[in-house]
Amino acid sequence: HHQQHHQPQQLPPLGSAAAEEEFEICNRGRGDATKGGGTEGDTRNNKTAEPTDRFDVFNALTSVKYPGSFCAGGKAADGSPTRNNATIPAALPTTVGLRVEDIGNIPLPITDLHAKQIQARDASAGMKDGPYHDAIRVEPGDFQIQNPAWDGALTELLGGVAGKLGVKADRISAKLDVMLLFGKGSRIDRHCNTDEPDDVMGTLIVQLPSSFTGGKMHVRHDPVVDDDDDAGIETETFSFDLGANSDAAYSCHFLCHYADCACEMEPVESGHRVVLMYSICHDRTHTKPTASMIRPSMVSLERSMAQLPPHRKMIVVPLKRRYKVASIERKGIGALDERGRSYAEAIRVAGKGSDWKLLIVEGTRDDTESPPDFYSYSDCSDSHFTTRSSRPRLASAYYEDGTRVGAWHWISDVIDLSVCCRDGSGDGMILAPSSSETSNIWGKGDITSISRPTYYEHVENIERTKTYKTTFILAYDTGAEFELKCLSGRRAVNAAAKQVSSAQDYDLLQRLVSMFESTPACKMSTDACLSLLQMVVGPKGADLGGKRVLLAKGILCRLSDDCEPNQALFDLILVAIETFGWSELSHSVSRLLEKKKRKKPLSLDNFLVRVDFILKLRARCKVFGGDAVGPSDRNFLNDCCNDMNPTEYYTALGSIPSITPPLEAVIGEYGWDATKRVVEICVQIIRNRWMGTINELLQRTDLLLMLH
């Protein structure tokens, strides 16, 4: 893909006034086009591209000029999907108060009797010419919406539509064109409203409460490719059932699209559908946007989000201010100001190729401040205080509809509320131009506690705690949840390894090892390492082909530094060496044995297990065709013995295991010459224990008798 590059100095910081003036980041969304409201058909360019970083997402988000969608649909609220694909309570009243001239009040959903009466008003009302087939047309002067709240609710809906289409709400208006009644067999052929007046930007379809089946709506856009930047834009088609055979009978639904999009409706299978057709008119004093202008504007953001590595598919967007919990719970994403809502809508729709989830979260940070020694607390200004900042954390999280998130603790463990700066000064998840934006993001904190000195303490012991709270938009790809959870530490990595080994899922295994390669901090326990290596070395692992060696290397390199391999893991490593060859695994095994943190302190039983592995390795490597293990100047056995300092050993361990049987087995298998140094180490460690138990005295006696 062609990747747009922007000069850093030309990009205003996210959330700044300059960004608001230069870029019209407006609301956008797709409604319930994927669940409940229809199925989404999306053809996209999936060519392999270079991975991006959060810096690229920041650049793309702040550079979006027309952040809209060419169509949207759902319930007649703001169309924001939630975890259950529900929406915020409907903006349009369900009691419409429809009245048709010469007939009277019409109940909704409409009955067969009233449908026949409307059709009988004009025998020629069924439109069979053009794209409309068997639709009953009722002109605006022949019907009324009597509910006095309708006009205000329609204005509120139009504001949501403006956000969906990426335009300013004060630049569009709705003009009622006609009411259409569709019965069984009615349909709309694919057509574009290209002959509309110059001020008509698109179409708004408001579906009144109706009981019907079938009639799925399809909106399609065929882009006009003018240059290389648009080469990756392909035809998109989105489908909406608008509550057919479901909740359409109990609430209003809407569908909006640009005029240069093609719209069609499948035949209604049963029942009746009543819709109001509006023309969306744009202010003539501003450039009228089109679908062909909207889509290229989003390409950079879509690509940068899609090409993020899985473990980086979580981003945090700072908002201009902190929002009250009551407001979020009541309005959800609708509580955000226009700019915040714009960022949320842009990210959500740009991530439509996968399954990005949006949350509204509140972050908190506690700073401990103290004055210098030569200041008293009362004389010290804020600039003189010495500050120690704690790690920012999540305080609460909410879905887009304002519902509080229940199981979000894994997100709290993973999230990094430090800035991700394009100047390289930070690698967190918050999108910001530089680390200097931190104070602007968190705002002014509140002093929550002051620790004053007692009578016997000095004045410098005074400390105060200042708490900062602010609201963020958190977005992450649910398809990358497996990798993201691993970021929280070894316990999460062990859980992921258990999931992989329990399911014997080799695709998931490759994802986990790929995560290891990109995130060196991810480590796992001995048992987790053993279970994964068994999958690779086992019979089923043969299907992996050449990937087996790479997977084995990745697994061995991610054993936690403070975990010593046990006998079972060492034995399995020997099997892996026999399977893949010493030359393939020499580097990984060397790193495993040479890790200093893992070797100190090393217990006697672990020491003997390691010695047994090294001696077996040396013996088997001669069979493999080598005279030595590793480089010619490397002797793993000597290194292992040198690491066991007899004078320090007794201070590190509370008891000495029974080492006579394993030591006797080692001597018997490899001979005295190969094990003499090992025996000396063990004897010295036991002798240095000047204070021991009767059992240890007997163990020492058994060992000396065996050696004698």
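Residues numbered from 1 in each chain as written. Predicted model: local features only at pLDDT ≥ 70, side-chain atom pairs only at ≥ 80, totals over all residues. Heavy atoms only, no water.

Looking now at the packing of aromatic side chains. One pass over the full model with this rule turns up four aromatic pairs. Geometrically, the ring pair formed by Trp410 and Tyr476 is edge-to-face, given 5.5 Å between the ring centres and 90° between the ring planes. With Trp410 in helix 8 (residues 409–414) and Tyr476 in strand 23 (residues 463–477), this pair connects stretches of sequence that are 66 residues apart. Under the relative-accessibility criterion, Tyr476 is labelled buried at 4%. (Phe/Tyr/Trp six-rings, centres within 6.5 Å; stacked < 30°, edge-to-face > 60°. Helix = DSSP H or I, 4+ residues; strand = E, 2+ residues; numbered from the N terminus. Buried < 20%, exposed > 50% of the residue type's maximum accessible area, 1.4 Å probe, protein only.)

The next point concerns the packing of helix 14 (residues 547–556) against helix 16 (residues 582–594). Where helix 14 meets helix 16, the closest approach of the two axes is 9 Å, and the angle between their N-to-C directions is 5°. Considering the angle they form, helix 14 stands roughly parallel to helix 16. Along its contact with helix 14, which presents Val549, Ala552, Lys553 and Leu556, the element helix 16 presents Glu584, Leu585, Ser588 and Leu592. Split into classes, the residues belonging to the contact of helix 14 with helix 16 amount to five nonpolar, one polar and two charged. (Axes fitted to C-alpha atoms, helices over the stretch in contact; angles between N-to-C directions. Parallel < 35°, antiparallel > 145°, perpendicular 65-115°, else oblique. Contact = heavy atoms within 4.5 Å. Nonpolar A, V, L, I, M, F, W, Y, C, P; charged D, E, K, R; others polar.)

Here Glu345 lies in helix 7 (residues 338–350). Judged by its relative accessible area of 0%, Glu345 is buried. Reaching out from Glu345, the side chain makes a polar contact with the side chain of Arg341 at a distance of 2.6 Å. (Polar contact = N/O pair within 3.5 Å; in protein donor to acceptor, adjacent residues only side chain to side chain.)

In this structure, Leu509, Ile573 and Phe607 are the most contacted members of the largest nonpolar core, which totals 71 residues. For this core, the leading source of residues is helix 18 (residues 604–623), giving nine residues. Not counting chain neighbours up to four residues away, the residues in contact with Leu509 comprise Val500, Leu532, Met535, Val536, Leu551 and Ile555. Membership of the second largest hydrophobic core comes to 63 residues, among which are Ile110, Leu157, Cys263 and Tyr278. (Core = buried A, V, L, I, M, F, W, Y, C linked by side-chain atoms within 4.5 Å.)

All right, on to helix 12 (residues 506–518) then. Compared with an ideal rise of 1.5 Å per residue, which puts 13 residues at 18 Å, helix 12 spans 19 Å between its outermost C-alpha atoms and is within 8% of the ideal. What helix 12 keeps buried is the set Tyr506, Leu508, Leu509, Leu512, Val513, Met515 and Phe516. One side of helix 12 holds all its buried residues, which, seen down the axis, span an arc of 165°. Along helix 12, the residues that are exposed and aim more than 90 degrees away from the buried face are Asp507 and Glu517. On its buried side, helix 12 packs onto helix 10 (481–485), helix 11 (490–503), helix 13 (526–537) and helix 14. Here helix 12 starts with a cap whose side-chain oxygen sits 3.1 Å from the backbone nitrogen of Asp507, and that cap is Asp505. (Expected span 1.5 Å × (residues − 1). Arc of directions from axis to C-beta.)

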